[in-house]
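The primary structure of each chain is shown beneath.
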Amino acid sequence: MPIVLKKLLAWGLVAFLIYFVAFRPNGAAQLVRTIGAGLMAIAQGISDFLSSLMS
């Protein structure tokens, strides 16, 4: 992918995120909570897996 297109997409994503947070703060907060919960579930699964390997 050309560098100019990558930069354009990156700036577009940043602009969208700023817009999303500014005009839909509740939706943005819910999205962050959902992503955080998903990451915590993944970490817990990895932790359980490693614990079961050790025992």
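Basis of the calculations
- Residues numbered from 1 in each chain as written.
- Predicted model: local features only at pLDDT ≥ 70, side-chain atom pairs only at ≥ 80, totals over all residues.
- Heavy atoms only, no water.
- Helix = DSSP H or I, 4+ residues; strand = E, 2+ residues; numbered from the N terminus.
- Polar contact = N/O pair within 3.5 Å; in protein donor to acceptor, adjacent residues only side chain to side chain.
- Phe/Tyr/Trp six-rings, centres within 6.5 Å; stacked < 30°, edge-to-face > 60°.
- Buried < 20%, exposed > 50% of the residue type's maximum accessible area, 1.4 Å probe, protein only.

> Would you explain the environment of Ser52 in this entry?
On the secondary structure map, Ser52 appears in helix H2 (residues 25-54). Taking C-alpha positions, Ser52 is 28 Å from Arg33, a pair spaced 19 residues apart along the chain. Among the polar contacts listed, one links the side chain of Ser52 to the backbone oxygen of Phe49, at a separation of 2.7 Å.

> Can you walk me through the packing of aromatic side chains in this structure?
The geometry of an aromatic ring pair comes down to the distance between the two centres and the angle between the two planes. Counted by the stated rule, this structure contains two aromatic pairs. Measuring from ring centre to ring centre gives 5.8 Å for Phe16 and Phe20, while their planes differ by 10 degrees; the resulting arrangement is stacked. Of this pair, Phe16 and Phe20 both sit in helix H1 (residues 3-23), four residues apart, which is roughly one turn of that helix. Since its relative accessible area comes to 48%, Phe16 is described here as partly exposed. Arranged with centres 4.9 Å apart and planes meeting at 40 degrees, the rings of Tyr19 and Phe23 form a pair that is tilted. One end of the pair is Tyr19 and the other is Phe23, both in helix H1 and four residues apart, which spans about a single turn. A residue is classified by how much of its surface remains accessible, and Phe23, at 60% relative accessible area, is exposed.

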